Amino acid sequence: MAEIIELTESSAEVRTLADRVSGQLITAIVRGDIPPGQKISEPELARTYGISRGPLREAIRQLEGLRLVVRIPHVGARVVSLTPEELVEIYRIREALEGMACRLAAENMSTAEINSLRELLYQHERNIQEIDGRAYFQKEGDLDFHYRIVQSSKNTKLFELLGGELYHLVRMYRYQFSVSKSRPQRALKEHHRILDAIEERDGELAELLMRRHIGRARRNIEERLNPTNKEERE
């Protein structure tokens, strides 16, 4: 374990350490290693990541800005936990906006960008196979299929909405609800079909396929949260 850093660090050092630990905490929260609703223990995290409380507190403030952590008066900081209703609302927004992003991507993506995204999906396939198809974990930013699609829409406001403050919150629930026997492989196939439509410059089909893709994920969530009131999958 790294040596504990003293509190005499410069502001630049604190920021660098905070950024590093913030990235590690984001991954831990997205993967469910630190589950929704769990209280954030600063002493425990300081020991785990080998840093002093100053950089750690800055990292936690960053997570609050990303809406992954909430601070409750007289209780402290906890990993966010959405209600089923809030989660379904977010997925309905994603259905509409990511569908639009796909249509725009079909108009604006270059051939090189499409080929690069296809190679990313092949890498995702290898990653899924390495863990026997149990989950579909996508790293953030350019290593995330959905992020790349929104980025490729070339629409700044759309990117601000989907790639901004809600991005990691959506990643957390996307990953945690992808952990099932069949969903990872099915989601990967759907990603390939979406990219096929984009490559064919069929924006209408690309939008429809993305809406169906996210709609299936939403219904999966609804079934998991409400097992007594299941909807039939498409």
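Presented here is an overview of the structure given in this document. Just so we're clear, the structure is a prediction, and the values are computed from it rather than from any experiment. Think of each chain on its own: its residues are numbered from 1, step by step along the sequence as written. Reporting in this predicted model follows two pLDDT cut-offs: at least 70 for local features of residues, and 80 or more for side-chain atom pairs to be given and counted; totals over whole chains, interfaces and linings ignore these cut-offs and use all residues. Hydrogens and waters are ignored; side-chain quantities use all the structure's heavy atoms.

To continue, consider the overall build of the protein. If you tally the helices and strands in the protein, you get 10 helices and two strands. Secondary structure counts use DSSP, requiring at least four H or I residues in a row for a helix and at least two E residues in a row for a strand, with both numbered from the N terminus. Listed by position from the N terminus, the elements making up the protein come as α-α-α-β-β-α-α-α-α-α-α-α. Only protein chains enter the area calculation, which uses a 1.4 Å probe; residues under 20% of their type maximum are buried, those over 50% are exposed, and those in between are partly exposed. Among the 234 residues that make up the protein, the fraction classed as buried is 48%. Considering only residue pairs separated by 6 or more positions, the protein has 76% of its internal contacts joining residues 24 or more positions apart. Values of accessible area rely on a 1.4 Å probe in the Shrake-Rupley scheme; residue burial ignores everything except the protein chains shown. Total accessible area on the protein is roughly 12,400 Å²; 50% of this is exposed by carbon and sulfur atoms. What makes two residues a contact is simply this: any of their non-hydrogen atoms within 4.5 Å.

Attention shifts here to the packing of aromatic side chains. Aromatic pairs are defined between Phe, Tyr and Trp rings, using the six-membered ring for Trp, whenever the two ring centres lie within 6.5 Å; interplanar angles under 30 degrees are classed as stacked, those over 60 as edge-to-face, and all others as tilted. Within this structure, the stated rule accounts for two aromatic pairs. Between tyrosine 147 and phenylalanine 159 the ring centres are 5.3 Å apart and the planes differ by 80 degrees, which places this aromatic pair in the edge-to-face class. With tyrosine 147 in helix 6 (residues 145-152) and phenylalanine 159 in helix 7 (residues 156-162), this residue pair connects regions lying 12 residues apart in the sequence. Its relative accessible area of 17% is what places tyrosine 147 among the buried residues. For phenylalanine 159, a relative accessible area of 25% translates into the label partly exposed. Joined through ring pairs, the aromatic side chains of Tyr147, Phe159 and Tyr167 make up one cluster. Taking the ring centre of tyrosine 91 as reference, the NZ or CZ of arginine 94 above it sits at 4.9 Å. Two limits define a charge over a ring: the Lys NZ or Arg CZ must be within 6 Å of the ring centre, and within 35 degrees of the ring normal.

Moving on, we come to a nonpolar patch on the surface. The patches reported here contain residues having more than 30% relative accessible area and no salt bridge. Joining distances are 9 Å for like charges and 5 Å for nonpolar side chains (Val, Leu, Ile, Met, Phe, Trp, Tyr). Only one rule defines a salt bridge in this text: a Lys or Arg side-chain nitrogen within 4 Å of an Asp or Glu carboxyl oxygen. Residues Val70, Ile72 and Val75 make up a contiguous nonpolar surface patch of roughly 180 Å² in combined accessible area. Looking at where valine 75 falls in the secondary structure, it is placed in the loop between strand 1 (69-72) and strand 2 (76-79).

Attention now goes to helix 2 (residues 42-49). Every buried residue belonging to helix 2 is among Glu42, Leu45, Ala46 and Tyr49, and all of these are buried. Here the buried residues of helix 2 occupy an arc of 105 degrees about the axis, which is enough to place them on one side. Trailing helix 2 by a residue or two, glycine 50 shows a phi angle of about 65 degrees, which is positive. When we speak of the arc, we mean the arc of directions from the helix axis to the C-beta atoms.

Our focus in this paragraph is the pairing of strand 1. Any two strands with at least two DSSP-identified bridges between them are counted as paired. For strand 1 and strand 2, the ladder comprises four bridges, and the chain directions are antiparallel. Bridging from a neighbouring strand, arginine 71 pairs with alanine 77 of strand 2.

Time to look at unusual backbone geometry. Positive phi outside glycine occurs at arginine 67, with the angle close to 70 degrees. Arginine 67 sits in the partly exposed class, given a relative accessible area of 40%. Within the chain, histidine 74 stands out as a residue other than glycine whose phi angle is a positive 65 degrees. Classification of histidine 74 as exposed rests on a relative accessible area of 86%.

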